[in-house]
Structures are given as structure tokens and as C-alpha cells.
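An overview of the molecular structure
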Amino acid sequence: MHYKKIYDNIIESAKYRKLIGYKEKHHIIPKCMNGTDSNENLVELTAKEHYTCHRLLCEIFPSNNKLKYAFRCMLMYNNNQKRYKISARIYEKLKFELYNIP
């Protein structure tokens, strides 16, 4: 699968539209990869797109544990904020990759 191409398509679409209602800001180049908080590096995504982009970044850069950690944090649930629900398979895969478990 062409993860980078899918990621790039989502980002390009987001650059040229204005979302109404709920949206989330996303760093095009992640901060852990020297991305900045400049407007040129930020796009507004739907919750589904934001989840998808973080999942894709983990696939595009499989050795970057900071991306895996960021994705995992995105999935955590607390009393102040509902987060995304993921399958047990994805949760296990993230944990194994994050902690280098074979």
C-alpha cells in the first residue's frame, strides 16, 4: 500500500478547504521530525482524517517511536476528553512496535 501517497492526498485536500464544525489541527511535518507551529505546517482535519494521518505516519516511518507514542497518546481516554476507539489488533501492534517486542 502507498501510505505516503494517501497521507499526501489527505494533506493536500485539507490545504484547500475550510471545515465547518468540529476539526483538529495537524502538523504536516510532525514536531518530532523538526516540524514547526507555523501556519504553513498546520492543516485542519476531521477527527477521522487526523486519526488516519497519525496511523499512516506510523506506517511511513516505522522506526520513529515518537510518532508511535504520539499516536498512542491520541488514543488514550480520560474523563476530560473522549478519544478514538481502536481495535485490539492495532493496540497490540502499537505496543509491540513501541517497546520493540518481537
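Note that residues are indexed from 1 along each chain, following the sequence as it is written. Local features in this predicted model are restricted to residues whose pLDDT is 70 or higher, and side-chain atom pairs enter the listing and the counts only when it is 80 or higher, whereas totals over whole chains, interfaces and linings include all residues. The side-chain numbers reported here are obtained from all heavy atoms of the structure, hydrogens and water having been left aside.

1. Considerations on the side chain of Glu24
Each helix is a run of DSSP H or I of at least 4 residues and each strand a run of E of at least 2, with the numbering of both proceeding from the N terminus. Mapping Glu24 onto the fold places it in strand S1 (residues 24-27). Engagement of the side chain of Glu24 in a polar contact is seen with the side chain of Tyr22, the distance being 2.5 Å. We call two N or O atoms a polar contact when they sit within 3.5 Å, provided that within protein one can donate a hydrogen and the other can accept it, with sequence-adjacent residues counted only if both atoms are side-chain atoms.

2. A closer look at the confidence of the model for the chain
Should pLDDT be low for a region, the predicted coordinates there are not to be read in detail. Looking at the chain, pLDDT values average 86 and 88% of them are 70 or higher. Residue-level confidence of the predictor is summarised by pLDDT, bounded by 0 at the bottom and 100 at the top. The secondary-structure element of the chain with the lowest mean pLDDT is helix H4 (residues 88-98), recorded at 74, while helix H1 (residues 3-15) shows the highest, at 97.

3. Structural notes on the packing of helix H2 (residues 47-60) against H4
Note on geometry: axes are C-alpha line fits, over the in-contact stretch for helices, and angles between N-to-C directions span 0 to 180 degrees. At a minimum axis separation of 12 Å, H2 and H4 run at an interaxial angle of 45°. The angle between H2 and H4 falls in the class oblique. Classified by chirality, the crossing of H4 by H2 is left-handed. Here Tyr51, Arg55, Cys58 and Glu59 of H2 come into contact with H4, specifically with Ile90, Lys93 and Leu94. Partitioned by chemical class, the residues of the contact of H2 with H4 number four nonpolar, no polar and three charged. When an angle is under 35 degrees it counts as roughly parallel; over 145 it counts as roughly antiparallel; between 65 and 115 it counts as roughly perpendicular; any other value is oblique. Handedness of a crossing is defined here by the sense of rotation of the near helix relative to the far one, left-handed for an anticlockwise turn of less than a right angle and right-handed for a clockwise turn. Residues count as neighbours in contact if any of their non-hydrogen atoms are within 4.5 Å of one another. Each residue gets one of three labels, nonpolar for Ala, Val, Leu, Ile, Met, Phe, Trp, Tyr, Cys and Pro, charged for Asp, Glu, Lys and Arg, and polar for the others, Gly among them.

4. Focus: unusual backbone geometry
With a phi close to 70°, Asn34 is a non-glycine residue in the positive phi region. Along the polypeptide, Asn34 turns up in the loop between S1 and strand S2 (42-45). Classification of residues uses two cut-offs on accessible area relative to the type maximum, computed with a 1.4 Å probe and protein chains only: under 20% is buried, over 50% is exposed, and between them is partly exposed. The class of Asn34 is exposed, set by a relative accessible area of 72%.

5. Some points on the nonpolar core
Among buried residues, those of type Ala, Val, Leu, Ile, Met, Phe, Trp, Tyr and Cys that are joined through side-chain atoms within 4.5 Å constitute a nonpolar core. In this structure, Tyr7, Ile11, Val43, Leu45, Cys53, Phe71 and Leu94 are the most contacted members of the largest nonpolar core, which totals 18 residues. The element contributing the most residues to this core is H2, with five residues. Aside from chain neighbours lying at most four places away, what touches Leu94 is Cys58, Lys68, Phe71 and Leu75.

6. Brief notes about the pattern of salt bridges
We count a salt bridge whenever a side-chain nitrogen from Lys or Arg sits within 4 Å of a carboxyl oxygen from Asp or Glu. Applying the stated criterion across every chain yields a total of five salt bridges. For Glu12, the salt bridge goes to Lys15, with nearest N and O atoms at 3.0 Å. Residue Glu12 and its partner Lys15 are both found in helix H1; the two are separated by three residues, about one turn of the helix. Taking relative accessible area as the criterion, Glu12 reaches 35% and is therefore assigned partly exposed. Relative accessible area serves as the criterion here: at 42%, Lys15 is assigned to the partly exposed category. The residue Arg55 makes a salt bridge to Glu59 at a minimum N-O spacing of 3.1 Å. One end of the pair is Arg55 and the other is Glu59, both in helix H2 and four residues apart, which spans about a single turn.

7. Some remarks on the pairing of S2
The side-chain alternation of S2 yields one buried face, formed by Val43 and Leu45, and one unburied face, formed by Leu42 and Glu44. In this analysis, strands are considered paired if DSSP registers two or more bridges between them. Examined bridge by bridge, S1 and S2 share four bridges and lie antiparallel to one another. Following the sheet pairing, Lys25 is matched in S2 by Glu44.

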